[in-house]
Amino acid sequence: MSVKSLITQIQAYNPEAEVELLERCYRFAQEAHRGQKRKSGEPYFSHCAETAEILTELRLDTHTICAGLLHDVLEDTGITREELQVRFGANIANLVEGVTKIGQYRPSVTSPTSGTTPTVEERVHRKRQAETYRKLLLATAEDMRVILIKLADRLHNMQTLKFLTNEKCQRIAKETLEIYAPIAHRLGIWRIMSRLEDLAFKHLYPDEYRKIAELLNQKLTEREAYCDKMVKEIRQVLEKRSVYADVHGRTKHIYSIYQKMQQKGTPFSEIRDLVGLRVLVKTDADCYTALGALHSQWSYHPDRLRDWIGQPKKNGYQSLHTTILDDGKPVEIQIRSYQMHKVAEDGIAAHWSYKEGVPTSKQGRFIFASYKQILEDIQETQDSPHQFLESMKLELFQDEVYVFSPKGDLFKLPAGATVIDFAYKIHTDVGHTCVGAEVNGSVAPIRRVLENGDQVNIRTQANGKPSRSWLPYVKTGTARGKIRHWFREKDRADALELGKKFLAAELQVSYLNARDYLNSPKLLDIAKQLKLKNLEELFVRIGNGDESAIHVVNLLKPEVQKPETEPLETVKTERRPESSPAIQLENDIDLGMMRIMKCCNPIPGDQVVGYLTRGRGVSVHRTGCIRILDEPERLLAVKWPEKPPAENGSQPPDIYPVKILVECSDRPGMLGEITTAIAQYKVNIRCGTFQPSAVHLDATASDNLTIDVTGAEQLDKVIQAIRQLKGVQHVTRMS
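These numbers were taken from a predicted model, which means no experiment stands behind them.

The rules behind the values
Residues numbered from 1 in each chain as written. Predicted model: local features only at pLDDT ≥ 70, side-chain atom pairs only at ≥ 80, totals over all residues. Heavy atoms only, no water. Helix = DSSP H or I, 4+ residues; strand = E, 2+ residues; numbered from the N terminus. Buried < 20%, exposed > 50% of the residue type's maximum accessible area, 1.4 Å probe, protein only. Contact = heavy atoms within 4.5 Å. Areas by Shrake-Rupley, 256 points an atom, 1.4 Å probe, with all protein chains shown as cover. Pairing = 2+ DSSP bridges. Axes fitted to C-alpha atoms, helices over the stretch in contact; angles between N-to-C directions. Parallel < 35°, antiparallel > 145°, perpendicular 65-115°, else oblique. Expected span 1.5 Å × (residues − 1). Arc of directions from axis to C-beta. Salt bridge = Lys/Arg side-chain N within 4 Å of Asp/Glu carboxyl O. Disulfide = S-S within 2.5 Å.

(A) Molecular detail of the overall build of the protein. The secondary structure content of the protein amounts to 27 helices and 21 strands. For the protein, with 735 residues in total, the buried portion stands at 50%. Taking all contacts inside the protein whose residues are at least 6 apart in sequence as the whole, residues at least 24 apart take part in 66%. Working note: accessible area of the protein is about 35800 Å², and carbon and sulfur atoms make up 49% of it.

(B) Here's a closer look at the environment of K500. You can see K500 is positioned in helix α21 (residues 477–509). Its relative accessible area of 31% is what places K500 among the partly exposed residues. Spatially, the C-alpha atoms of K500 and V540 are 8.4 Å apart, while their sequence positions differ by 40 residues. Contact partners of K500, with chain neighbours within four places excluded, come to L518 and F539.

(C) Fine view of the sheet that holds strand β9 (residues 434–439). Spatially, the three strands line up as an open sheet ordered β10-β9-β11, and their pairing is antiparallel. The sheet is open, and its two edges are formed by β10 (442–444) and β11 (456–460), each paired on a single side. For this sheet, the mean inter-axis angle between neighbouring strands, taken without regard to orientation, is 30°. As paired strands, β9 and β11 are joined by five bridges and run antiparallel to one another. Within β11, the position partnered with G436 by the bridge is R459.

(D) Representation of the environment of I526. Summarising the element assignment, I526 is placed in helix α23 (residues 521–529). The contacts of I526, once residues within four sequence positions are left out, are V552, L555 and L556.

(E) Structural view of the packing of helix α11 (residues 190–204) against helix α12 (residues 206–218). The geometry of α11 relative to α12 is characterised by a closest axis approach of 5 Å and an angle of 120° between their N-to-C directions. Taken as axis vectors, α11 and α12 run oblique relative to one another. Counting all contacts with α11, which are made through D198, F201, K202, H203 and L204, the residues of α12 involved are P206, E208, Y209 and I212.

(F) Up close: α12. Taking 1.5 Å per residue as the helical rise, α12 with its 13 residues ought to reach 18 Å, and the 18 Å between its terminal C-alpha atoms agrees with that figure. Where α12 is concerned, the buried positions are Y209, I212, A213 and L216. In an axial view of α12, the angular spread of the buried residues amounts to 100°, which keeps them on one side of the axis. Across α12 from its buried face, at more than 90 degrees, point the exposed residues D207, K211 and Q218.

(G) Quick peek at the pattern of salt bridges. One pass over the structure, following the stated rule, counts 18 salt bridges. For R145, the salt bridge goes to D61, with nearest N and O atoms at 3.2 Å. You can see R145 sitting in helix α9 (residues 144–159) and its partner D61 sitting in the loop between α3 (45–57) and α4 (62–70), a full 84 residues away along the chain. D61 gets classed as buried once you look at its relative accessible area, which sits at 3%. R81 serves as the salt-bridge partner of E97, at 3.1 Å between the closest nitrogen and oxygen. Within this pair, whereas E97 is found in helix α7 (residues 90–102), its partner R81 is found in helix α6 (residues 81–88), the two being separated by 16 residues in sequence. For R81, a relative accessible area of 17% puts it in the buried group. Overlapping salt bridges bring together K229, E233 and D326 as one network.

(H) Quick look at the state of the cysteines. Tallying each qualifying case throughout the model produces zero disulfides. Here C66 is not cross-linked by a disulfide; its sulfur's nearest cysteine counterpart is in C25, at 3.6 Å.

(I) Broad picture of the sheet that holds strand β20 (residues 700–709). Pairing in this open sheet of four strands is antiparallel, and the strands run β19-β20-β18-β21 from one edge to the other. If you trace the sheet from one side to the other, it starts and ends with β19 (684–691) and β21 (728–733), each paired once. Each neighbouring strand pair of the sheet contributes to a mean axis angle of 20°, computed without reference to strand direction. Sheet contacts for helix α26 (residues 670–679): β18 (656–665), β19, β20 and β21; angle to β20, the most-contacted strand, approximately 20°. The sheet contacts of helix α27 (residues 712–723) involve β18, β20 and β21, and relative to β21 the element is tilted by about 165°.

Remember that the coordinates give geometry; whether it matters functionally is a separate question.
In structure tokens:
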């Protein structure tokens, strides 16, 4: 695109555009990229010009379009930010720098295999990817125009993706579908979102894309004829009500059809709403008049009627949605004003001032504030990279439901949100102590999915606490993050006590008095030597297995050397009344003592892996245990013996305490049925706590049990027996 053509397009909507500034930016970027080529063989600057053109389609301000022209000069040329600021001002320089920061970390294409333990490369990929998106969020929170430029940049890159290697195509397409398309959706920019989705889908699932495209083309003429017929009939019906409207058909984009097929399991041949109709009118009142006219002429689906005018979506989207039945055939219709349509297509860009470069309308400022709040909520998440990315997708790509508090306050939540999400929306403490709710005056469980217009009154209990079983039911990243944070703090407290016990045990083995050392200044000095803030941090690291208790003891008293191996009895845990099970390295190499770790509590029959620790022999974990560090060179193949040692002699088999959580109906006799199911396998219940529901009978109660089993096979039989009981909802192995 020539500079003259670009300026002509801009002046069509902004006659006061800074033409001289645009020309200077155009020439400067063109010269800066001179000699650079794209993979397609085209001059690199063509990408910059196309990015600027996409921004003009959104009718953005001059400075944003200038930044679009310059968006790659900091990264791909020797130009500095200071030079940009001197030549074009701080505003443009800041925008270019913001876009550059987003692209500084480029994760690899590694895709975790479902159901397997992530490799080191996959974990590094996740960390880098999470860091990329954190930077993206920070940049967009400072100036919304940064993400608008990045979306335009990504759209043109997706249009020319075929020239890259397959590996890069997969990485960029996956990132586009998971992050950039949802951001475009959240900002309401439908015209960019739909193009990004289809382009990404085409590269990620080429066979599925091609199949749907071919099926769409097969009956294209038939659909167009039917669409023309409906357009004509609708216009006639509206004219009788003195509503003058533009009516036209629209084919759903390919990825949305694929999503419907996947989510509902509907084959393409049974999808009857491939084409929708859109009615554009002058005023808000005309929207409702048109809706009434259509419903008086055709039957309609009441459950598919949506009023997004009275309750706009977070991204500012407004429209009436209805599905009429034409001779039994469903026809989706959207009714909106011309201004609503502009917002639906361009999102926040429709509220943008091309003079000042900021949202000017009240609605535009609301969209920006809403989006910024989402970013702040996501950035508060301190989860692992995988969980952070999950939270980001949840927050960005959800439609809303509107619910009320007992006082009439309105709350917006993502579709599918539960009572738990609402409780955490009110306050963290309300979420933590939530035990139930009243929805529309009726008692409801905390897992109840909320619907539009529900009035929700949360019921709390002073000693209430979160449950890990809540996590599959929450839909907001905020609630999920707060639940996980609560358990991280609890796990930290457990690790603190465990670390003290480990260190005390090692001190005793070295003939040192634990009381003298656990709070000694010398131990604090060692903590600081290890770059830890205090003794608490040291104990936590030992309890988590991040620091060796033996190492700390040797630092306390270097002259006392630990033996290369220790008697197995010194590392017995309280769950081994007789002896530890015989664990073998698959190559039968003896590397010293092996310890069965309490974090995941493996028992005979479990898939296990060995981890070679620093100075403490081999720790044995269940495969997939989160305590295993990203050091594959320390992982060892281990196995249980063919038969437990006790079975080879006259002694009874060893038993292993295992904790299980049973979630069930709170009804009379339930606990007795559970204990009977366990007893039929001659399994002893060592201890247990039963927490009845605080709401009402037949609500969920939880039973924490510690049972003695001979191995994984017997444990599986017990769990299956409990699951078959009427009223049992979940049985989970806790350790």
